[in-house]
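One-letter residues, chain by chain:
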Amino acid sequence: MGNGKGTKQSALKKLRSALSTAGLTGPTSHVTKKDKKRGIAKAGSSKTLERRQKLRAIQKTLNPFEMQVNRKHLDVLGLKRKDEAVNVAVARQRAVEKRKSTIGEERKNKHRTGGVVDRRIGENDPTMDPEEKMLKRFTAERQKRSSMSSSSAALYNLEDGGDVEGEITSLTHYGQSIGDMDDFNDFGGDDDEEDAGTGALGGADVSTAHFGGFETGGPDRKRSKAEVMQEIIAKSKMHKQERQLIKEQDEDIRRELDDDFESVRAMLFDDDNSKPMQSAATGSGDGDGAPPSYDTYVRELVYEQRARPQDRLKTEMEAAREEKDRLERAERHRQRRMEGLPSDSEMDSDSDDEGQSASGKAYKTKNKRKPVADDLGDDFAPAGDNDDADDNIMETGGLGLGLTAEASEEEEDEEDEEDDEEESGSGSDSEADSDSEIDSDQGESVPDDAAPANQALRRRINSSASQSEDLPFTFEAPGNYDAWVELVGSYSLEQQLTVVARLRALYHIRLSPQNKQKLSDLCLVLTEHLAVLTEQDPPVPAPVIDGIVKHIGELAAVDPERFGEHCRQAIIDCHKRVQQALKAGSVEGGLRASDVALMRLFASVFSSSDRFHTVITPMLILICQYLSQHTFATLRGISCGLVLTGIVHETIRLSRRFVPEALNFLFATLAATVCHSADPADWDGQYPLSRRQREAYRLLHIGIAEKCKSKKALPMRWAWLISPAPSSEDASTATTPAVVVTADVKYGVLGACLMLCRRFIDSYFQMPAFIECFEPLQRLLAKIAERLPKFRLQHAPVEVVELLETTRVYLTEQLEQARASRVPLKLQSHKPLAIGSFAPKFESAYSLDVHYDPDRSRNEITKLRRQVNKERRGAVRELRRDAQFVAGERLKEMREKDRSYADKMKKAWSVLEADQSEMKKLDKARIKERKAKV
Amino acid sequence: MSAKRKHSSTREESKAAVERIIALESNIVSKQENLNDLVDILSIAKSGTVETKFVATNSLGRIFSALWKQGLLKRPTGKEQKTTAVVSEWLRDNYNEYLGVLKEQLKHGEEAAIQVGALKQLMQAVAHEGENASRGSSSGYEFPNALYLSILELVLDRPVAEEEEEGGASHQVLRVLADSYLNLYDDLRYFFYRDVAKLASPDYDPFRTGGRSGARTKALVEEAEGFVRNAFLVMGTMVKATAGVGGHAAGFWVTGTAVPGEESSVGSAAAHRKAFSEAWLAVLRQPLTADIYKQVLLIMHRRIIPHMVDATGLMDFLSAAYDAGGSVSLLALNGLFTLMDQYNLNYPQFYTKLYALLDRNLLHVKYRARFFRLLAVFLGSSHLPAYLVAAFIKRLARLAVSATPAGAVTVIPVIYNLLKAHPSCMVLLHRVEEEEGEGEGEREDPYLAEEADPALCNAMASSLWELQALQQHYYPNIATLANIFGEPFHKPAFSLEDFLDHTYATFFDGDTARTPKKAAALAVQPPVSLLRAGDATSDFLVL
């Protein structure tokens, strides 16, 4: 700073000394006339600049109050900032000037359209000398000219000898050369025939064309120049558009003609003489002797398909590895879902890959792997797991796919049929029985749960089992179950499978986009069909059921969303029924054989190991509710319970989740065989047991005198699950009489329980509470073993006895192992947390300006808020200054006006006063004269 | 056709009878000379069709109430003329006969309407008699309790057949009694309580030969059961138990010349409470069926105990119920808690009994929400010894292993809250073994599940493996909830109310309420057959 020395001088002295030291005052600064002559004047411009700079520098140093120093937070060496020190006065001056040039200009040009903008170089720059201006203008002119000459050299080319003068100086009017206007063709009144006769101009013409009349836009208003220009622009645009339109029309006509010519030419000329004619036709245009269609040939060849390098076919090893990778990936996804983690991120990347391969590289036969559940619906080609056929289809790239698929499926089905015939001894029985069935069906009253379609189908299924040998090859895709019944009603069950296979081939998903809908319809129809078939009494042969299940399993992937929703609804319906039955306390429990079958299907179609699954989780809840709340008083109920327990086991097979209800049911059922229903203390164990349940379980109690008829264990039959016909009349005529709970049946149930127990032991032996869960079972098995052999082991089937023994031994082993490997829990082994401190946090160099908020997001919000405030304040300040400026300007104008008025008046006054004084003078003179005369 | 004709003929007959009754009634009312026609109406009331009986009793009621007003039915004092004395004597005989008819109808009426009608007529008679009696008495109020007692005995002492649960005749009669008399009139209620106590007392039996204290025949036992059930049905539905006794006439059925005030027994609230207490104690002393037992216990803490004079009188009853075991114990707990809380009852071995209540059916019974609310209160004290809390925790965890999801979802927050309130029990979740060498051989769970005493069951030495099993529960919400035991105990204690009222249905609805956004995930390998090869079901099932 200039005053940093601390010397106490007055500001004036300082200025003087500064000026003198800068050499701006004093003798040297005066420019003598001599100097001027010598040419100092030439350098005058630079000198003034220098001078100005010096003055500015002095100004800067002299007034410390005009300097505003912005403090820095951090001093960085070598970093120069622009706003370290700001001269406030200068800045203010700058701001005023800027306003003058922006707002001031705007003010000046307010309410003005058009006008002349002075673009002459240096005209608005007061710092420029006239010489400088001229120099600049001259250089600019030169540059412009040189650039123009490069583009249109002919214009100023003197050598050319053309009429350069005329070109340059040709006058224009309204952008048109006056030379073109000489004939005055488009003078407005030219075609006016009425006026032509009189030879005088019409009034309108006069008003528009004479005496500046052309300037008036309308009859009553004078148009501004801007409006006139706009009109011109609009007109020219319109003309341009019209031209384009005409051109297009011409093009169209030409194209039409060309087309017509093609057809005409085809009619006119034969192949042999077409060439000369062509050459004749094109020859006139081309002129040279080359073959006329050569270009076209070339062009065609460019676009012709060329042989491309194909992807190498995969070796067996590679294919196997790919398949392995795919399975591993699917398994990984399943694991993630089992743990309840989202498997989407991986899925997405996969599906992206597939999408690319499907869209971009469609020609490749890359997609050789078998379709799976993780596939998207679009590129999924459901086909049987007949590998050869599958590969064939894939490798032919989809062409002729329908046929091959059909053929392969047919073969398969024929095999199936043969198999069926071989093994279905019972099948023929059912056929033989069918006649009697029909009769009974005539009088059958439809139970409330059986749909009419069900009944109709039942009738048809059984009536026409061996009817038509020849199946048609094409079918209408069934949209709903009624349509399906209509379609296959006359075919046997085995033929129905063929129909399904053919439908799937006919409406293969690759053949049409609509087929996805049709196939998913078919899938739902088949699900319904399965429900109907599993309700049949006598039961439908297993191969048929399995065939349908297989189809459903494969079709489910076509539209998993729809299929999943359908299944979910089925579960919800079933739950409603079971809930009602439980509330009413009915013996039947509201669960049908078809429900059980569908649940079994869902357990294997869906990924049942998921932690949460939209179908499986509600299904498990439903099953568990049934198992824990239903009172098992009939053999049917118990069989349902056992099968459901099996389904539960299937769903937890991989995830090994813990299902207490299943275990409770198993243990209670096991206990029922030996425990006395009257004595509650006899039923020791963890499972809950009410008196009602205990009494109902009396059904299974194996009495002392009961003997088994056969030495073999009686397996459970599907027929046991099927609810008996509602009316007694039906029950008497039913083919399978209601199963009597004999000792064989009881031992069968016992055996089933034991087998399930063993399965659950296998699943749970690693569970932490294995001992707690299965110790009661150990005691129970001991009790069974103790009570059974005493009286009647010799009557029991050998298998069951052996099973009991092996299960006991196995369980004992497992329990011992579990006990050996058990350790106390250590669930709370977390990383130790730091002890909370209440000592205040101390900042060594606390500053108000620094933000110590540890919350980052809050910090950022405060920062933003500050910025906004700052900007707002700045904007307000700017606006206020603008207003001040405008007010100042207005005041200045007003003053100016006042001053000019005052001047004017002054002038007038002075004139008048002069006149007056003159007159007075004259008067005085006259009076003097008169006096003198007198 | 013939049946129809017959029907119509009987209808015509009854129509004629009704007309006759009406004619007779107007005769009687108009002139005293025609009083002899009473006998005709009475005979119709005794033996007629249902319709005529009904009409006849109604008209008799009207006639007698008119006679009461005329003062003809007063007991003759000897001051009147001899003829009037004879007439009133004769009329009183007829009146008693009429009451007998009504009682017969009340007891064995064919239809509910007849029975209810008879009840109403009898209550009217009570009102008239009372009015008449209080006119003569010094206090200005007299209640004809003899008649009332006989009515109540008829109403209450009838076996309720099992089949007529709701809407049956006796059920309706009881409801009418409760709703339109006992709930509205203080005097009726007061005397009802007193009479019930009298009827239920073992030495009440003026007319019976055997006596209840003697050898109980089966019929007698059934009768007693019926009485208790009826009494409970009436007493259980009474809205105003004792409150609202005041000196206003509207609250009294029998309108005497003066309204009984606080000094008389009918008017004082204390006497009402005493009558109430005695009635309940007398009823509860009777042999109760299991059903009634449970229902009494259900309303005990809210509707009986607050109105008792001395609630400690219920102590024996509640203790016995608490010792009974099963769901009865669970229900008794509520009343017992009220006694302990407000009446300073000291129950020995309370926690041992409470521990015994945690049996295998606990998580499956209907009243478990009620129980767990109380359990949270009982175990909420921070002064309980750790071994006790540990025993409860361990037992609850044991139960949760075989519980339904609804049970498990209740138990988990309870255990969490207990562990949080008693940090010394955290060893159940996390045990650092210092004595490594010692515990080498035995890995047996030190907890003794069969031990009835929580002090001896050695729960503190055990670990909660059961909760770890719940972490693998098939229902994902429970698995997630059980996972909190593996996390640091930073969460605030759970509010139990959110977890108590779950059932299978709520879980199912919760899972299926929203339509899923994503497609259901399919199995990796599509199924080939309904039963997978090696499936657990295929072991024992043949398709």
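These numbers come from a predicted model, not from an experiment.

The rules behind these values
- Residues numbered from 1 in each chain as written.
- Chains lettered and ligands numbered in written order.
- Predicted model: local features only at pLDDT ≥ 70, side-chain atom pairs only at ≥ 80, totals over all residues.
- Heavy atoms only, no water.
- Helix = DSSP H or I, 4+ residues; strand = E, 2+ residues; numbered from the N terminus.
- Buried < 20%, exposed > 50% of the residue type's maximum accessible area, 1.4 Å probe, protein only.
- Contact = heavy atoms within 4.5 Å.
- Areas by Shrake-Rupley, 256 points an atom, 1.4 Å probe, with all protein chains shown as cover.
- pLDDT = per-residue confidence, 0-100.
- Salt bridge = Lys/Arg side-chain N within 4 Å of Asp/Glu carboxyl O.
- Buried area = accessible area lost by both parts, 1.4 Å probe.
- Polar contact = N/O pair within 3.5 Å; in protein donor to acceptor, adjacent residues only side chain to side chain.
- Nonpolar A, V, L, I, M, F, W, Y, C, P; charged D, E, K, R; others polar.
- Pairing = 2+ DSSP bridges.
- Patch = residues over 30% accessible without salt bridge, like charges linked within 9 Å, V, L, I, M, F, W, Y side chains within 5 Å.
- Phe/Tyr/Trp six-rings, centres within 6.5 Å; stacked < 30°, edge-to-face > 60°.
- Axes fitted to C-alpha atoms, helices over the stretch in contact; angles between N-to-C directions.
- Left-handed = near helix turned anticlockwise from the far one by under 90°.
- Core = buried A, V, L, I, M, F, W, Y, C linked by side-chain atoms within 4.5 Å.
- Lys, Arg positive; Asp, Glu negative; His and termini not counted.
- Charge placed at Lys NZ, Arg CZ, Asp CG, Glu CD.

Another point: the overall build of chain A. A count of helical and extended segments in chain A gives 32 helices and 5 strands. For chain A, the residues scored as buried account for 33% of the 934 residues in total. Taking the intrachain contacts of chain A between residues at least 6 apart in sequence as the baseline, contacts between residues at least 24 apart amount to 70%. Carbon and sulfur atoms make up 54% of the accessible area of chain A, which totals about 60,600 Å².

Further remarks concern the confidence of the model for chain A. Residue and element names in this part refer to chain A. Here chain A shows a mean pLDDT of 74. Residues at 70 or above account for 70%. For chain A, per-element mean pLDDT is lowest for helix α16 (residues 425-442), which scores 37, and highest for helix α32 (residues 856-933), which scores 93. Note that residues 1-6 has pLDDT below 50 and, in this model, 3 contacts with residues that lie over four places away or in other chains. Contacts from residues 345-457, a stretch scored under 50 in pLDDT, to residues over four places away or in other chains number 122 contacts.

Time to look at the pattern of salt bridges. Taken as a whole and judged by the stated rule, the model has 43 salt bridges over all chains. A salt bridge links Glu772 of chain A to Arg398 of chain B; the nearest nitrogen and oxygen atoms lie 3.4 Å apart. Of this pair, Glu772 of chain A sits in helix α30 (residues 770-792) while Arg398 of chain B is found in helix α16 (residues 386-401), placing the two residues in two different chains. Neither Glu772 of chain A nor Arg398 of chain B differs from the other in exposure class; each is buried. It is possible to trace a salt-bridge network through shared partners that takes in Glu251, Asp252, Arg254, Arg255 and Asp258 of chain A.

Contact with chain A, which involves 94 residues of that partner, is made by 76 residues of chain B. Interface of chain A and chain B: buried area, both sides summed, is about 7,600 Å²; carbon and sulfur atoms make up 62% of it. Summed over the three residues of chain A that lose the most area to chain B, namely Ile621, Leu825 and Gln828 of chain A, the buried surface amounts to 9% of that side. Summed over the shared surface of chain A and chain B, the number is 4 salt bridges. In this structure, the salt-bridge partner of Arg759 of chain A is Asp539 of chain B, at a minimum N-O distance of 3.1 Å. Viewed at the interface, chain B and chain A are joined by 32 residue pairs in polar contact (both at pLDDT 80 or more). In terms of residue class, the side of chain A that touches chain B is built from 49 nonpolar, 20 polar and 25 charged. Here strand β5 (residues 716-717) of chain A runs beside strand β1 (residues 541-542) of chain B; their pairing, made up of 2 bridges, is parallel. Following the sheet pairing, Met716 of chain A is matched in β1 of chain B by Leu541 of chain B.

Topologically, Lys709 of chain A is positioned in the loop between α27 (691-696) and β5. For the pair Lys709 of chain A and Thr742 of chain A, spaced 33 residues apart in the sequence, the C-alpha separation amounts to 8.9 Å.

Here we take up a nonpolar patch on the surface. Nonpolar side chains collect at one region of the surface, where Tyr294, Val298, Val302 and Tyr303 of chain A lie side by side and expose about 460 Å² of accessible area between them. Looking at the secondary structure, you find Tyr294 of chain A in helix α11 (residues 294-303).

The subject of this paragraph is the packing of aromatic side chains. Residues and elements named next belong to chain B. According to the stated counting rule, one finds 33 aromatic pairs over all chains in the structure shown. Judged by centre distance (5.3 Å) and plane angle (75 degrees), the ring pair of Tyr322 and Tyr347 falls under edge-to-face. Here the residue Tyr322 occupies a position in helix α12 (residues 315-324), and Tyr347 occupies one in the loop between α13 (326-342) and α14 (350-357), the gap between them amounting to 25 residues. By relative accessible area, Tyr322 is classed as buried at 2%. Taking the relative accessible area as the measure of exposure, Tyr347 reaches 9% and is therefore buried. Where Tyr416 meets Phe489, the ring centres are 4.6 Å apart and the plane angle is 20 degrees; that geometry is what we call stacked. Of this pair, Tyr416 sits in helix α17 (residues 405-421) while Phe489 sits in the loop between α19 (476-482) and α20 (497-500), and the two are 73 residues apart along the sequence. An identical accessibility class is assigned to Tyr416 and Phe489; each is buried.

Quick look at the packing of helix α8 (residues 186-200) of chain B against helix α10 (residues 269-285) of chain B now. Residues and elements named next belong to chain B. Where α8 meets α10, the axes come as close as 8 Å, and the angle between the chain directions of the two elements is 35 degrees. Where α8 crosses over α10, the handedness of that crossing is left-handed. Residues Asp186, Tyr190, Tyr193, Arg194, Val196, Ala197 and Ala200 of α8 pack against Ala271, His272, Ala275, Phe276, Glu278, Ala279, Ala282 and Val283 of α10. Looking at side-chain class alone, the contact of α8 with α10 contains 11 nonpolar, 1 polar and 3 charged residues.

Another aspect to go through is the nonpolar core. Counting 306 residues, the largest nonpolar core has Trp484, Leu642 and Phe774 of chain A together with Phe192 and Phe485 of chain B as the members making the most contacts within it. For this core, the leading source of residues is helix α29 (residues 743-764) of chain A, giving 13 residues. Contacts of Leu642 of chain A, omitting those with residues within four sequence positions, involve Phe665, Leu666, Met716, Val749, Ala752, Cys753 and Leu756 of chain A together with Phe540 of chain B.

On to the side chain of Thr645 of chain A, then. Relative to the assigned elements, Thr645 of chain A resides in helix α25 (residues 635-651). Setting aside residues no more than four positions away along its own chain, Thr645 of chain A makes contact with Leu627, Ala662, Phe665, Leu666, Leu756 and Phe760 of chain A.

Here the focus is a positive patch on the surface. All names here are of chain A. On the surface, Arg92, Lys870, Arg873, Arg877, Arg880 and Arg881 cluster together to form a positively charged patch. Residue contributions to the positive patch peak at 5 residues, all from α32. Inspection of the secondary structure assignment puts Arg877 in helix α32. We classify Arg877 as partly exposed; its relative accessible area is 42%.

All names here are of chain A. Closest axis-to-axis distance for the helix α24 (residues 616-629)/helix α26 (residues 660-674) pair is 9 Å, and the angle between their directions is 35 degrees. Between α24 and α26 lies a crossing whose hand is left-handed. Note on element contacts: α26 touches α24 through Glu661, Ala662 and Phe665, opposite Cys624, Leu627 and Ser628.

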